[in-house]
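Results of the structural survey
Chain residues, written in single-letter form:
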Amino acid sequence: MGANLDLFDRAQRVIPGGVNSPVRAFGSVGGTPYFVDRAQGPYLWDAEGRRYIDYVQSYGPGILGHAHPAVLEAVTRAASAGTSYGAPTEAEVVLAEMVVDRIAGLESVRFVSSGTEATMSAIRLARGATGRPGIVKFAGCYHGHADALLAAGGSGVANQGLSGCDGVTDGAVADTIVAPYNVVPTLDETVAAVIVEPVAANMGLVAPADGFLEGLRAACDTAGALLIFDEVITGFRLARGGAAERFGVTPDLWCFGKVIGGGLPVGAFGGRWGVMEHLAPLGGVYQGGTLSGNPLAMAAGRTTLKLLDDGAFDRLTATATRLADGLAGAFASAGLASTLPRVGSLLGLYFGDGPVIPPTDFDEAKVLADNGRYPKVFHALLERGVALAPGAYEALFPSLAHDDAVVDETIEIAADAASAVASLA
Ligand SMILES: *Cc1c(COP(=O)(O)O)cnc(C)c1O
C-alpha cells in the first residue's frame, strides 16, 4: 500500500471520513486523497514524493503561494515572542489599521479565527443592530457552517450533494430566506440583513449580473436592512479594497477570511461605526474568542496584505487570464466543451455539451457541475501533476507564485490530460 493510502486508512480509523473538512475526502470526484507532505510556491508534494502544481492553495489563503519566505519570517519572529496571550497586542491594531485603510466605508473591524465565525458574528450583529430576525441568503452562496447559513449552500455542502444538513433544526433556519442568485429579492421590514458573495465562488464561479449588487444596496436601503458582503474569498483578492471597490458598491458589513490570514486561521468582520458599536463591550451583541487576534495569525495577515500592492492584483489577473485562455484552448483541442468564467484572478471551470454558457445561478451551475465530467478531468490532471480542488463547485486559485512558465506547463499537461479523457469517451 502506498503512503497516501496508508495514511488515509489510518486517518479513517480516528477521524470521521479521514478528513477535517468534507471536500478533502474526494467524495464527489471518487478515489482517495493525497496527503500533503510539504509545499513551496505553486507546488505541493504528497506523502509519496509526487509533485503537483497546486491550484487549491488552501482554497484561497495561498495568494502569495505556499511558504512565502516573508510570511515564514514574520510568523517565526512572532512565535518566538509567545503564541497567544489573551490580551491585546500592537499586531492586532496594525492589521486593523491596514484593513480600515484598504476598505472604503469600513471604519472598524473585529478579528476572529475563521470565515465561519466572521459570517456567524456579522449575522448576529445585524440582528442585534436592527432588532429584526430575518436573513436573506442566495442559493449556491457558501457562508461557512453556522446553522442559520447552511441552507442551500455551495462548496462543501453542494459537493456532498446535501440540500441542507442533518442536525440543523427547522428553528435554526426559520428566519433564513433563500433567494436565487442574481435576482434582487423583495424585502420586508422583518429582514435584518441580506448576505451575499459579491462574486459567487462556491458554485464554481458565478459573476454578479449588471445591476445585481447595486439593486441589493437599494433594496436594503428601502427596507432598512443591512447589506453584508461575504468577502471571505474576494477580499484583498479582486482589488486592494476587494469586491466592494471593484464593483463600487458599499455594504454595511464585510466578512473576511482566507487571504487575510495568510494561511493561518483568521477571519474578520467589520463595517461602519453605527453598526459596529453594537458589539460588546460597547453594545449588547456578545462576540469573543480565546485565540481571536492571535499574534502568529496577525503577523501572517499583515505580511500578506503588505505584499499585495496594486501591481500584485494586475499580475494575478494576468496569470488567471493566461491560465483560463490556455485551459480553454487545451480542452477545446481535445473536443471537451468547457467554460472558464473569470472575475479578476478568480476562475471557475465547468464542462458540458458545447457551447457551454457560464451559469448565472445555482440551478444552472448544478447542471454543469453534476454532469460527471469534472471528476474525469480532475483525475487526469492529478495523475499528471496538476491539483485542482476535488469538487466541481470550487474555484481555481492561481497565486502570485504561478509564473508564466508554471502556467504554461499547466496548459501543456491539461492538453495531454484532455486528450486522454476524450479518448475514453
Ligand atoms: C470559505 C468561506 C467561508 C468560511 O470560511 P472558513 O474559514 O472555512 O470557516 C465563508 N464564506 C465564504 C465566501 C467562503 O468561501
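What you see is a predicted model; the values in this text were computed from it and never measured.

Scoring rules and cut-offs
Residues numbered from 1 in each chain as written. Predicted model: local features only at pLDDT ≥ 70, side-chain atom pairs only at ≥ 80, totals over all residues. Heavy atoms only, no water. Helix = DSSP H or I, 4+ residues; strand = E, 2+ residues; numbered from the N terminus. Contact = heavy atoms within 4.5 Å. Patch = residues over 30% accessible without salt bridge, like charges linked within 9 Å, V, L, I, M, F, W, Y side chains within 5 Å. Areas by Shrake-Rupley, 256 points an atom, 1.4 Å probe, with all protein chains shown as cover. Salt bridge = Lys/Arg side-chain N within 4 Å of Asp/Glu carboxyl O. Lys, Arg positive; Asp, Glu negative; His and termini not counted. Charge placed at Lys NZ, Arg CZ, Asp CG, Glu CD. Buried < 20%, exposed > 50% of the residue type's maximum accessible area, 1.4 Å probe, protein only. Pairing = 2+ DSSP bridges. Right-handed = clockwise from strand over helix to strand, strands pointing away. Domains from an automatic or database assignment. Buried area = accessible area lost by both parts, 1.4 Å probe. Polar contact = N/O pair within 3.5 Å; in protein donor to acceptor, adjacent residues only side chain to side chain. Near = heavy atom within 4 Å. Nonpolar A, V, L, I, M, F, W, Y, C, P; charged D, E, K, R; others polar.

1. Observations concerning the environment of A11
- Secondary-structure assignment places A11 in helix α1 (residues 3–14).
- Along the chain, A11 and F138 lie 127 residues apart, while their C-alpha atoms are 35 Å from each other.
- If we skip the residues at most four places from it in the chain, A11 touches G18 and F35.

2. Topic: a negative patch on the surface
- Taken together, E245, D309, D310 and D314 make up a surface patch of like negative charges.
- Of the residues examined, D314 reaches a relative accessible area of 56% and is grouped as exposed.

3. Focus: the pairing of strand β9 (residues 253–256)
- Of the two faces of β9, the one carrying L253 and C255 and the one carrying W254 and F256 are both buried.
- Both strand β8 (residues 226–230) and β9 contribute to a ladder of 3 bridges, which runs parallel. Looking at β9, one finds that I228 is bridged to L253.
- Handedness of the crossover joining β8 and β9 through helix α8 (residues 242–247): right-handed.
- Judged from the 4 bridges that link them, β9 and strand β10 (residues 267–271) form a sheet pairing that is antiparallel. Bridge pairing links W254 to G270 in β10.

4. Some words on the domain arrangement of the protein
- Here the protein is described as being made up of domain 1 (3–63 + 309–423) and domain 2 (69–307).
- On a C-alpha basis, the centroid separation for the pair domain 1 and domain 2 is 25 Å.
- Both sides together, the interface formed by domain 1 and domain 2 hides about 2600 Å², and carbon and sulfur atoms give 63% of it.
- It is V343, F362 and Y393 in domain 1 that bury the most area against domain 2; as a group they hold 24% of the surface buried on that side.
- For the pair domain 1 and domain 2, the number of links is 0 salt bridges.
- Looking at the side of domain 1 that touches domain 2 element by element, the count peaks at 3 residues for helix α11 (residues 310–333).

5. Quick notes on the sheet that holds strand β1 (residues 36–40)
- On the basis of which strands lie adjacent, the open sheet formed by 4 strands has the order β1-β2-β3-β15 and mixed pairing. Looking at which strands have only one partner, the edges of the open sheet turn out to be β1 and β15 (386–387).
- Sheet analysis places β1 next to strand β2 (residues 43–46), joined by 4 bridges and oriented antiparallel. Bridging across to β2, V36 finds its partner in D46.

6. Details of the side chain of D230
- Tracing the chain through its elements places D230 in strand β8.
- Although D230 is buried, it forms no salt bridge, and the closest oppositely charged side chain is K258 at an N-O distance of 7.3 Å.
- Among the polar contacts listed, one links the side chain of D230 to the backbone nitrogen of V232, at a separation of 3.0 Å.
- Residue contacts for D230: discarding those within four places in its chain leaves T119, Y142, H143, I195, V196, E197, P198 and C255.

7. Some points on the site of the ligand
- The ligand sits among S114, G115, T116, Y142, H143, G144, E197, N202, D230, V232, I233 and K258.
- With respect to the ligand, the backbone of G115 contributes an N or O atom lying 2.9 Å from an oxygen atom.
- Its free accessible area being 380 Å², the ligand has 84% of it covered by the protein chains.
- Here the residues of the shell around the ligand sort into 3 nonpolar, 6 polar and 3 charged.

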